[in-house]
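Examining the three-dimensional arrangement
Letter by letter, the chains look like this.
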Amino acid sequence: MSDHSDHTVLHVKGRVLVGPDDVRDELWVVGGRITYVRPAAEAVTVRGWVLPGLVDAHCHIGLDAHGAVDRATSEQQALGEREAGALLLRDAGSPSDTRWIDARPDLPKIIRAGRHIARTRRYIRNYAHEIEPGDLVEYVAREARNGDGWVKLVGDWIDRETGDLSACWPRGEVEAAIAEAHRLGARVTAHCFAEDSLRDLVEAGIDCIEHATGLTEETVPLFAERGVAIVPTLVNIATFPKLAAGGDAKYPRWSAHMRRLHERRYDTVRSAHDAGIPVYVGTDAGGSLPHGLVAEEAAELVKAGIPVSDVLSAASWGAREWLGRPGLTEGAPGDLVVYTQDPREDVRVLGAPHRVVIDGRAVA
């Protein structure tokens with residue numbers, strides 16, 4: 001469909017899901033901004049169930065399985081998110097400069113974590129700054145300045161000498177690095193599959209853990225007490241059996257570990273949610289996974305036992321609040337998704353947006 005001009009007033013009628021307990025009958029978008037005050041101007045009307053633009057809280061724009069990609073590929077990745085209704089993306093690490101996307105009013109808004117920071121030869125080739133612990137504070141400070149308020153560490157990875165997952169960073173260096181990021185106004189998150197990397201990171205003050213498959217009865221209460229969020233990326237954890245099969249011959253301990261983490265993934269996520277740990281929707285798209293999987297990830301969280309209302313929050317209102325971006329509030333940018341059915345009745349509705357609107361302009 002053709003875009004509205006910048007001056008078109010949009011009138012959205014139906015059930016406007018402003019929050020879990022705040023449902024309104026209509027809103028308008030005037031000059032790209034949401035208002036609940038009826039304007040005098042004529043408006044184009046759209047009807048349905050309305051959510052704020054969805055959030056993919058863990059994806060990678062400008063990255064594929066081999067490393068950095070060109071602008072055309074990055075654009076297609078952003079469009080893939082947009083078509084799925086994901087209009088706010090937390091880019092959890094990319095070697096590409098995607099700042100040019102900020103000037104594109106038809107593409108999702110991105111909150112960047114700079115480039116991954118990993119131990120030497122302890123992550124996917126061409127993805128990260130690969131450094132030793134003595135340089136961690138310096139590189140965290142650099143990426144805190146390069147990002148949009150986030151820094152991404154690789155907290156654990158396979159150690160080829162032991163043949164299993166193990167933590168990448170000593171406790172002292174992690175504490176100093178997180179303190180430096182916080183001093184610079186940035187939050188810190190870390191890729192973690194394993195169990196043994198979690199306590200040091202959380203006690204050092206980390207703000208979020210990606211994947212968090214290694215959560216246990218011992219560490220769940222610690223996360224809850226400290227308010228450390230998790231982004232489970234269950235659509236990515238679904239790939240663990242295939243990864244494990246590829247490592248059976250050379251790294252049997254690692255392969256068996258990955259299978260165990262996969263087998264208990266739903267129990268892990270449900271236990272985290274039940275303990276009060278904040279859980280958000282993220283897909284890990286952009287490494288080996290395609291973009292546009294936000295609805296599939298939401299459905300996985302429901303399958304894990306999280307109530308639909310909480311999953312909707314984790315994909316929209318709650319995630320936006322966590323990331324410091326507005327939802328469907330007065331004066332906020334007109335970023336919203338319209339559905340022909342009620343997503344509160346069936347979260348799979350998220351997979352079929354009727355209209356996608358960015359800054360008040362229908363883009364899909």
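Numbering of residues starts from 1 in every chain and runs along the sequence as written. This being a predicted model, a pLDDT of at least 70 is required before a residue's local features are given, and a value of 80 or more before pairs of side-chain atoms are given or counted; all residues contribute to the totals for chains, interfaces and linings. Neither water nor hydrogens contribute to the side-chain values; these are computed over all heavy atoms in the structure.

**A closer look at the sheet that holds strand β1 (residues 9-19)**
Quick reminder of the rule: If DSSP finds at least two bridges between two strands, the strands pair. Note on conventions: DSSP H or I runs of at least 4 residues are helices, E runs of at least 2 residues are strands, and numbering of each starts at the N terminus.
If you trace the seven strands from one edge of the open sheet to the other, you get β3-β2-β1-β4-β18-β19-β20, paired in mixed fashion. Each edge of the open sheet carries a strand with a single partner, namely β3 (33-35) and β20 (361-362).

**Overview of the packing of aromatic side chains**
The cut-off we apply is this: The aromatic pairing rule takes the rings of Phe, Tyr and Trp, using the six-membered ring of Trp, and pairs them if the centres are within 6.5 Å, calling planes under 30 degrees apart stacked, those over 60 edge-to-face and the rest tilted. Only protein chains enter the accessibility calculation, which uses a 1.4 Å probe. A residue is then buried if its area is under 20% of the maximum for its type, exposed if over 50%, and partly exposed in between. Throughout this description, the term charge over a ring refers to an Arg CZ or Lys NZ atom that lies within 6 Å of the ring centre and within 35 degrees of the ring normal.
Inspection of the entire model under this criterion finds six aromatic pairs. For the pair Y123 and W157, a centre-to-centre distance of 4.8 Å together with 75 degrees between the ring planes defines the contact as edge-to-face. Of the two residues, Y123 sits in the loop between β10 (117-119) and β11 (129-131) while W157 sits in strand β13 (residues 156-159), which places them 34 residues apart along the sequence. W157 carries the same exposure label as Y123, and that label is buried. Here the aromatic cluster, defined as three or more aromatic residues joined through ring pairs, consists of Y123, Y127, W157, F193 and F240. The ring of W150 carries R90 above its face, with NZ or CZ at 4.6 Å from the centroid. When the ring centre of Y139 is taken as origin, the NZ or CZ atom of R142, which lies over that ring, is 4.3 Å away.

**Examining the environment of I206**
Stated formally: Contact criterion: two residues are considered in contact whenever any of their non-hydrogen atoms come within 4.5 Å of each other.
Along the chain, I206 falls in the loop between α4 (198-203) and β16 (208-211). Between the C-alpha atom of I206 and that of E143, which follows or precedes it by 63 residues, the distance is 15 Å. Beyond its immediate chain neighbours, meaning those up to four positions away, I206 contacts I178, V188, T189, A190, L201 and V228.

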